[in-house]
Amino acid sequence: MAMRTTQPAEWVVADIPCFAVVGKVNMGKSAVLATLLEEDDDRIIRISPEPGETTRCQRLSLVLDGAERLRFIDTPGFQQPIEALRAIRALHGGQTGTPGLATLQAFVDEYRDTGAFEDECRLLEPLLQGAGILYVIDPGVPVYDSFLAEIEILRFSGRARLALLNQRGEDGGAREAEWREHLGKAFNLVRVFDAHRARFATRRDLLAALNQIDERDRAHLETTTALLDAEWQQRREEAAERIQSFLRSALKLRERGHYGEDAPAAEAAKRAAIKQASRRYFDRIAALEREAANDLLALYRHTAIQAEAMTGFSEDLDLASDETWRRLGLTRQQLTFVGAAVGASAGIGVDAATFGHSLGIGALLGGLGGGALAFFKGDAIPTLRLDLARIGPLGGQRITVGPPRNPNFAWVLLDSLLIRYRQILSRAHARRGDALASDDEPSASIARALPGERQKALARWFRSLAKSDDNDERAQAAWRALLDTLAAIEDEL
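From N to C terminus, the chain includes 15 helices and twelve strands. Across the 493 residues that make up the chain, the buried fraction comes to 52%. A separation threshold of at least 6 residues defines the contact pool for the chain, and within that pool the share at least 24 residues apart is 76%. For the chain, the exposed surface amounts to about 21300 Å²; the carbon and sulfur share of it is 47%.

Another point: the nonpolar core. Core analysis: the largest hydrophobic core is formed by 132 residues, its most contacted members being Phe-72, Tyr-135 and Leu-183. Once residues lying within four places of it in the same chain are set aside, the contact partners of Phe-72 are Phe-19, Val-21, Leu-33, Leu-36, Leu-37, Gln-58, Arg-59, Leu-60, Leu-134, Leu-207 and Leu-210.

For the structure shown, the criterion picks out 23 salt bridges. A salt bridge links Glu-68 to Arg-71; its shortest N-O distance comes to 2.9 Å. Across the pair, Arg-71 and Glu-68 agree in class, each one buried. The salt bridge involving Arg-284 is made with Glu-255; its shortest N-O contact spans 2.9 Å. A residue pair is termed long-range when its members are at least 10 positions apart, and Arg-284 in helix α9 (residues 266-299) and Glu-255 in strand β8 (residues 255-259) qualify at 29 residues. Connected through shared salt-bridge partners, Glu-38, Arg-203, Glu-231, Arg-235 and Arg-301 make up one network.

Moving on to the pairing of strand β11 (residues 397-404). Within β11, seven of the eight residues are buried, leaving the element largely enclosed by the surrounding structure. Where β8 lies against β11, five bridges are found, and the strand directions are antiparallel. In the strand pairing of β11, Arg-256 is matched with Thr-400. In the sheet, strand β10 (residues 384-390) pairs with β11 via six bridges, with the strands oriented antiparallel. Residue pairing in the sheet places Arg-390 in a bridge with Gln-397 of β11.

In space, the three strands of this open sheet follow the order β8-β11-β10, with antiparallel pairing throughout. Each having just a single partner strand, β8 and β10 make up the two edges of the open sheet. For this sheet, the mean inter-axis angle between neighbouring strands, taken without regard to orientation, is 25 degrees. Running at roughly 160 degrees to β8, α9 makes contact with β8, β10 and β11 of the sheet.

We now examine helix α1 (residues 29-36). Buried residues dominate α1, accounting for eight of its eight residues. For α1, every residue scored as buried is listed here: Lys-29, Ser-30, Ala-31, Val-32, Leu-33, Ala-34, Thr-35 and Leu-36. Immediately downstream of α1, the backbone of Glu-38 shows phi near 55 degrees, a positive value.

Now for the confidence of the model for the chain. This prediction gives the chain a mean pLDDT of 80; 80% of its residues lie at or above 70. Low pLDDT, under 50, characterises residues 309-321; the stretch is placed with 41 contacts to residues that sit more than four places away or in other chains. Taken as a whole, residues 437-442 scores under 50 in pLDDT and shows 17 contacts with residues more than four places along the chain or in a different chain.

Residue Pro-403 follows Gly-402 across a cis peptide bond; omega there is -10 degrees. By the element assignment, Pro-403 lies in strand β11. Positive phi is not limited to glycine here, since Glu-38 has a value of about 55 degrees. With respect to the helices and strands, Glu-38 occurs in the loop between α1 and β3 (58-64). Backbone geometry places Phe-117, a non-glycine residue, at a positive phi of 55 degrees. Residue position: Phe-117 is located in the loop between α3 (101-111) and α4 (118-129). With relative accessibility at 9%, the residue Phe-117 sits in the buried group.

Conventions used here
- Residues numbered from 1 in each chain as written.
- Predicted model: local features only at pLDDT ≥ 70, side-chain atom pairs only at ≥ 80, totals over all residues.
- Heavy atoms only, no water.
- Helix = DSSP H or I, 4+ residues; strand = E, 2+ residues; numbered from the N terminus.
- Buried < 20%, exposed > 50% of the residue type's maximum accessible area, 1.4 Å probe, protein only.
- Contact = heavy atoms within 4.5 Å.
- Areas by Shrake-Rupley, 256 points an atom, 1.4 Å probe, with all protein chains shown as cover.
- Core = buried A, V, L, I, M, F, W, Y, C linked by side-chain atoms within 4.5 Å.
- Salt bridge = Lys/Arg side-chain N within 4 Å of Asp/Glu carboxyl O.
- Pairing = 2+ DSSP bridges.
- Axes fitted to C-alpha atoms, helices over the stretch in contact; angles between N-to-C directions.
- pLDDT = per-residue confidence, 0-100.

This is the structure in structure tokens:
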């Protein structure tokens, strides 16, 4: 969790490790901080394609378990590093050795209120107070003399220094070797990072690397890393709970309606009532799916995006088609095998065609944040379980619909949120835009690739739900299977 302050009483305080994030303009300093701190709100960390977006120092804190654990200072970029280096050396004059903190302090005192070297004075202030240095550069650009001047100025501070090669795009590291040659002479550590692609493990590794550049902060940073790991595990457990809650609600869902059986057109009234109830049923399934996916987005601190339709699916893709069975849910063979393994009837391997009419699976999996999802192609409705009962002494019939008869429905619903989960974990917080889309092919089934034991644990629980018997033991086994699956998805990214 990030906490922002632009005008603190002091940049560096005791007991909280602090790092000034410095570099030339438009090197991606803000993007690095956005991903490192999981912050996608432009009001807190503004990421702009225009150079020079950060014009003053801004404090951004990593908050864990309600306490500030790490402090970063997002500084303005160097504007005149060559001229600033020349001025610093002039202030050092004929003194022996190289310039140090005293000379940097004299430089800031000399130029702070003159309008000259304004950005250089601002970025040096946290260093003079004791902040370490996180130097961000783009290894795709040449090592100009201005960069060498920046490196030299930062070396003069004597502070703990980590250089971050912030790769951008496929050719982002074209000059990495050249950069390493120069940075290795002046920095304690050099690390590669991609702010627009970094996953949790990469973020964690970077935070852990800060351990290595200042021994005084080691115990504090080790505790911070442990807290970060504990929080991430807690999120994964909550994600499994939310996915299971969605599945429970969706598979237990029923929708009711009624019609008058004595009307002249009773059969037509019956068909209309079934159709309307079926529409309401799928609208409610859609709302549950949107709610669950939005919960996952919030859990992983993606607050500024919505989801778009899954790649490879269109609004009218049919669940009764072989293409859909090929890509989502379990295969017919898996359904038969898992069904037999959990003691279901031999008929659990129902042919896809028994699902009935067209169902817009693209709409089911897509469009979070949009209006109601369109589950219907024309006027066709899928085959739902249907119960009829007379309504008391006043006559008429009550209808109850849901869920679909096809046993693959639960697995398709599971796939929808597993695919969402993979997309969410794949998105770095530095990326901007209002659509959630994965760099990977997101429409391939995850459920059918699960180990057999996990499939059986989930199938037993699905069967309990179908019998209105939400067995605690089977529910717990299903939750563990979901938890293991979420961990496996993370490991594969």
